[in-house]
Amino acid sequence: MISKGYYGNYGGAFIPELLRPNVVELQKAFETLSTQEAFKTEFYSLLRDYVGRPTPLYKANNLSERFGAQIYLKREDLCHTGAHKINNTLGQILLAKHMGKRHVIAETGAGQHGVATATACALMDIPCTVYMGEKDIARQAPNVARMKMLGAEVVAATSGSKTLKDATNEAIRAWINRPDAYYLIGSVVGPHPYPEMVAYFQSVISDEIKKQLNQVPDYIIACVGGGSNAAGAFYHFIDSETQLIGVEAAGEGVDSGKSAATLALGTPGVLHASYSYMMQNEDGQVLEPHSISAGLDYPGIGPLHAHLFETGKAQFTAITDQEALDAALQLTRLEGIIPALESAHAMAQLDKMTFAATDIVVVNLSGRGDKDMSTYSKFLDL
Amino acid sequence: MKRKLLNIYFTAGYPKLDSTIEILKTLDEAEVDFIEVGIPYSDPLADGPTIQESSHRALKNGINIETIFGQLRRYKCSFSELIIMAYYNSVLTFGMGRFLKECKEAGIKSLIIPDLPLEEYQVRHQADFLRYGVSPVFLVSPSTETERIELLANNSQPFLYVVSSSSTTGTSSKLEIDREFFENLNALDLPVPCLTGFNISDKESFERATKFTDGGIIGSAFIRCIGAQGNLKSNIQTFISNFKS
Ligand SMILES: Cc1ncc(COP(=O)(O)O)c(C=O)c1O
């Protein structure tokens, strides 16, 4: 589906010439290493012994009863560090190690990718710097402490909306200033080869779903910030019978002016060196997004999803802050699982659909909710 | 020794929405060779804090692309050659054809798009550039291989933009010159002049930066000059005369 860094019209590497040697070096390293058996063995043994994969595909009986369908949760929340992000950071850190890199740069929104990067770096003994929006540092405090304990340097991004977009800008600028470092991006965004590479490392999710379910599901539902957990959950089901549903953050409502529903509100453009959909005004200025969930509070989306959207191979919907909070509470009370706010958006989609009793529905539960307890306490009056 | 070419960058709409014409006029009268007009962008990836801040302020002042072209059409330089610097998304969303047409009407013959690689330019936009008589200016850095430098120089008009070291603009207060790179560059027989840019802040760093090239580009230091207290025109005159003395 991908040709020279493009998914249909979307993708590419719109980088300043200064970054070209870095990006070319990375493209070559990924192409060479990802096909080597030794590399794959190293990656998969880490996923098994360190992350705890395969993660369970849990048949949620109480939810199933509530929604009148066969509902399964892909338990990425049970990964070491508490989200799917670690699948990607371990893949990339092995790449960085093979490339002889001695420093890692990363951006983070919810802090899950930052924690997963700091974890991988601690494991491989590589120093790392994580850029995080000032607003996110405040709302995801537990993850900031975890990153620091893991030895990462956390740098506040103070420009723009002070969230994930700005953290990514700062990380890319840091990379320009430090071309010897490895930039470990956290989603299926950024210049080629990142979208393809991150999707590849995350594809283990759908690979496992396929084996665990032993049949083709009717629906796969995943939340979409940049789109990495969705890419991983969709990967082996693209072009199958399965209906793929990506759930964006509507914030206070798609038309409220405080939203992060990129495909609903955006138009094609170049953000973070990739041509995809993005939220922008008629002069191409990037709009500030809003979501209660730091991991979905992003005005762009990976080029794979732009392509799936345009070709109708996946559907995209948007869930509001309030709907996500309600769904988080519902999942917690019905199944005893506190989801990440990001994943709660995917859960909320269930309420928007009507199912046949035999329908098999897989929801990718991308992460656990520990990091969001202060938000839950505040909005759920705990 | 040949006189070094001087290129001054400023962000349109900064410090005030309507500062553009006064800045242009003062620079033109001071006989600056090239004036690079920056189109402010919300997410200027290749820029350091000074230009980020000026872009942010300019956008707050309400500047947009149409207003900028309106300003540029109102003042015709008699000495300086105008160049536009814009991020790819600004141009793309405005419409490449429409943007180039505006350039042509404002008498602008070259355009720097720092995040548009040569290959994408050639496939997607070269025909439009030719149609409107506009040329791209490409950047190279000490990490660009010789063959690619030649390729980029062959496609660049009226000069090749040589970044002094791998950095965002105005990030370091110390200009570092990779002597070996610049000597090699100097030895190449390139069809266009080379101008050194990034982290030039005063006469001393200008001289060091242009020792092996045909001139230099000053951005962040000039932004600090126009953002400073006092009379805009005399601030600019003093700033330029320091470089020209
Ligand atoms: C638990 C969780 N889910 C989802 C996301 C969104 O990222 P992506 O769309 O790349 O999966 C994040 C990002 O921080 C996250 O922490």
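Residue indices follow the written sequence of each chain, beginning from 1 at its first position. Key to labels: chains lettered from A, ligands numbered from 1, both in the order written. Totals for whole chains, interfaces and linings use all residues, but because this is a predicted model, local features are given only for residues with pLDDT of at least 70 and pairs of side-chain atoms are given and counted only at 80 or more. Excluded from the side-chain calculations are hydrogens and water; all other atoms, namely the structure's heavy atoms, are used.

**Student:** Kindly report on the nonpolar core, identifying the contributing residues and their values.
**Tutor:** Counting residues in hydrophobic clusters, the biggest one holds 181 residues, and the most contacted among them are Phe 99 and Phe 222 of chain B. The element best represented in this core is helix 8 (residues 164-177) of chain A, accounting for seven residues. Where each domain begins and ends follows an automated or database-derived domain assignment. No fewer than three residues from each of domain 1 (16-46 + 85-197) and domain 2 (53-83 + 203-379) of chain A sit in this core. In what follows, residue pairs with any heavy atoms lying within 4.5 Å of each other are defined as contacts. Sequence-distant contacts of Phe 222 of chain B, defined by excluding residues within four places in its chain, comprise Ile 8, Tyr 9, Phe 10, Ile 23, Leu 27, Ile 236 and Phe 239 of chain B. Within this scheme, the nonpolar core is defined by two criteria: the residues are buried Ala, Val, Leu, Ile, Met, Phe, Trp, Tyr or Cys, and they are joined through side-chain atoms within 4.5 Å. Partly exposed residues are those whose accessible area sits between 20% and 50% of the maximum for their type, while under 20% is buried and over 50% is exposed, using a 1.4 Å probe and protein chains only. Helix and strand assignments come from DSSP, with helices taken as H or I runs of at least 4 residues and strands as E runs of at least 2, each series counted from the N terminus.

**Student:** Tell me about a negative patch on the surface, and name the residues and values.
**Tutor:** On the surface, Glu 145, Glu 147, Glu 150 and Asp 189 of chain B cluster together to form a negatively charged patch. By secondary structure assignment, the location of Asp 189 of chain B is in the loop between helix 8 (179-187) and strand 8 (194-197). Any residue with relative accessible area above 30% and no salt bridge may belong to a patch, with like charges joined within 9 Å and the nonpolar Val, Leu, Ile, Met, Phe, Trp and Tyr side chains within 5 Å. The Shrake-Rupley method, run with a 1.4 Å probe, gives the accessible areas here. Residue values count only the displayed protein chains as cover. For salt bridges, the criterion is a side-chain nitrogen of Lys or Arg within 4 Å of an Asp or Glu carboxyl oxygen. When charges are counted, Lys and Arg are positive and Asp and Glu negative, with His and the chain ends excluded. One atom stands in for each charge, and that atom is NZ of Lys, CZ of Arg, CG of Asp or CD of Glu.

**Student:** Describe the sheet that holds strand 6 (residues 139-140) of chain B, listing the residues and the values that go with them.
**Tutor:** Residue and element names in this part refer to chain B. Strand pairing is defined by DSSP finding a minimum of two bridges between the two strands. Overall, parallel pairing links the nine strands, which are arranged 5-4-3-2-1-9-8-7-6 in an open sheet. Looking at which strands have only one partner, the edges of the open sheet turn out to be strand 5 (135-136) and strand 6. Bridge count for strand 6 against strand 7 (residues 160-163) is two bridges, and the pairing is parallel. Among the inter-strand pairings, Val 140 is bridged to a residue of strand 7, identified as Val 162.

**Student:** Outline the packing of helix 5 (residues 96-105) of chain B against helix 6 (residues 118-131) of chain B, listing residues and values.
**Tutor:** Residue and element names in this part refer to chain B. Helix 6 packs onto helix 5 with a crossing angle of 30° between their chain directions and a minimal axis gap of 10 Å. On the basis of their axis angle, the class for helix 5 and helix 6 is roughly parallel. Viewed along their axes, helix 5 and helix 6 form a crossing whose handedness is right-handed. Contacts between helix 5 and helix 6 involve Met 96, Gly 97 and Leu 100 on the former and, on the latter, His 125, Asp 128 and Phe 129. Here the term charged refers only to Asp, Glu, Lys and Arg, the term nonpolar to Ala, Val, Leu, Ile, Met, Phe, Trp, Tyr, Cys and Pro, and the term polar to all other amino acids, Gly among them. Grouping the constituent residues of the contact of helix 5 with helix 6 by class yields three nonpolar, two polar and one charged. Angles run from 0 to 180 degrees between N-to-C directions of axes, and those axes are lines fitted to C-alpha atoms, restricted for helices to the stretch in contact. Note that the term roughly parallel is reserved for angles under 35 degrees, roughly antiparallel for angles over 145, roughly perpendicular for angles of 65 to 115, and oblique for everything else. For a crossing to be left-handed, the near helix must be turned anticlockwise from the far one by less than a right angle; the clockwise case is right-handed.

**Student:** Account for the domain arrangement of chain A, with residues named and values stated.
**Tutor:** Residue and element names in this part refer to chain A. Here chain A is partitioned into domain 1 (16-46 + 85-197) and domain 2 (53-83 + 203-379). Domain 1 and domain 2 are separated by 22 Å when their C-alpha centres are compared. Between domain 1 and domain 2, the contact holds 32 residues from the first and 38 residues from the second. When residues of domain 1 are sorted by the area they lose upon contact with domain 2, Arg 139, Lys 165 and Val 188 head the list and together hold 22% of the total. The salt bridge involving Arg 139 is made with Asp 297; its shortest N-O contact spans 2.6 Å. What qualifies as a polar contact is a pair of N or O atoms within 3.5 Å, subject to a donor-acceptor requirement within protein and to the restriction that residues adjacent in sequence count only when both atoms come from side chains. Linking domain 1 with domain 2 are 14 residue pairs in polar contact (both at pLDDT 80 or more). Only helix 4 (85-98), helix 5 (112-124), helix 6 (134-139), helix 7 (141-149) and helix 8 provide two or more residues apiece to the side of domain 1 that touches domain 2. Of the residues forming the side of domain 1 that touches domain 2, the biggest block, five residues, is contributed by helix 8. Grouping the constituent residues of the side of domain 1 that touches domain 2 by class yields 12 nonpolar, 14 polar and six charged. Buried area is understood as the total, over both parts, of accessible area removed when two parts are fitted together, assessed with a 1.4 Å probe.

**Student:** Please provide a residue-by-residue account of the interface of chain B and chain A, values included.
**Tutor:** Across the contact, 39 residues belong to chain B and 30 residues belong to chain A. Overall, the association of chain B and chain A removes approximately 2700 Å² of surface from exposure, summing both partners, and the carbon and sulfur fraction of that is 50%. Taken as a group, Asp 43, Leu 45 and Ser 166 of chain B account for 23% of the area that chain B buries against chain A, more than any other trio of residues on that side. Our count for the chain B to chain A interface comes out at three salt bridges. Glu 119 of chain B serves as the salt-bridge partner of Arg 20 of chain A, at 3.9 Å between the closest nitrogen and oxygen. Among the elements that take part in the side of chain B that touches chain A, helix 4 (residues 88-94) of chain B stands out by supplying six residues, more than any other. A breakdown of the residues in the side of chain B that touches chain A according to their chemical character gives 18 nonpolar, 14 polar and seven charged.

**Student:** An account of the sheet that holds strand 14 (residues 315-320) of chain A is requested, with residue identities and associated values reported.
**Tutor:** Residue and element names in this part refer to chain A. Overall, mixed pairing links the six strands, which are arranged 4-5-15-10-11-14 in an open sheet. Where the open sheet ends on each side, the last strands, each with one partner, are strand 4 (57-59) and strand 14. Across the sheet, the mean angle from the axis of one strand to that of its neighbour is 25°, orientation sign disregarded. Sitting on the sheet, helix 15 (residues 341-349) touches strand 5 (70-75), strand 10 (219-223), strand 11 (243-251), strand 14 and strand 15 (360-365), and the angle it makes with strand 10 is about 145°.

**Student:** Any chance you could break down the site of the ligand for me, citing the residues and the numbers?
**Tutor:** Residue and element names in this part refer to chain A. Throughout, near means a residue has at least one heavy atom within 4 Å of the molecule or strand. Close to the ligand lie 19 residues; Ser 187, Gly 225, Gly 227, Ser 228 and Ser 366 are nearest. Residue Ser 187 places a side-chain N or O atom 2.6 Å away from an oxygen atom belonging to the ligand. A distance of 2.6 Å separates a nitrogen atom of the ligand from a polar side-chain atom of Ser 366. Taken by itself the ligand offers 390 Å² of open surface, and the protein chains cover 98% of this. Of the residues that constitute the shell around the ligand, the class distribution is six nonpolar, 11 polar and two charged.

**Student:** Break down the environment of Ala 260 of chain A for me, with residues and values.
**Tutor:** Relative to the elements of secondary structure, Ala 260 of chain A occurs in the loop between strand 11 and helix 12 (262-265). Sequence-wise, Ala 260 of chain A and Ser 293 of chain A are 33 residues apart; in three dimensions their C-alpha atoms are separated by 9.8 Å.

**Student:** With reference to specific residues and values, describe the confidence of the model for chain B.
**Tutor:** Across chain B, the average pLDDT comes to 95, with 100% of residues at 70 or higher. This prediction of the complex comes with two scores: 0.97 for pTM and 0.95 for ipTM. The pLDDT score gives, residue by residue, the confidence of the prediction method on a 0 to 100 scale.

**Student:** Give me the lowdown on the packing of aromatic side chains, citing residues and values where you can.
**Tutor:** For any two aromatic rings, the description comes down to two numbers: the centre-to-centre distance and the angle of the planes. All names here are of chain A. Working definition: a ring pair exists when centres of Phe, Tyr or Trp rings (six-membered ring for Trp) sit within 6.5 Å. Plane angles under 30 degrees give stacked, over 60 give edge-to-face, the rest tilted. Evaluated as defined, the whole model comprises 27 aromatic pairs over all chains. Each ring, one from Phe 43 and one from Phe 201, has its centre 5.1 Å from the other, and the planes form 65°; the classification is edge-to-face. Separated by 158 residues along the polypeptide, Phe 43 in helix 2 (residues 37-51) and Phe 201 in helix 9 (residues 194-202) bring together distant segments of the chain. A relative accessible area of 2% places Phe 43 in the buried class. Relative to Phe 316, the ring of Phe 309 has its centre 6.1 Å away and its plane inclined at 75°; by these criteria the two rings are edge-to-face. For Phe 316, a relative accessible area of 16% corresponds to the buried category. Aromatic rings pair up to connect Phe 30, Phe 39, Phe 43, Tyr 44, Tyr 200 and Phe 201 into one cluster. Comment: the charge-over-ring label is applied if NZ (Lys) or CZ (Arg) is within 6 Å of the ring centre and within 35 degrees of the ring normal. Seen from the ring of Phe 67, Arg 66 lies directly overhead, with NZ or CZ sitting 4.6 Å from the centre.

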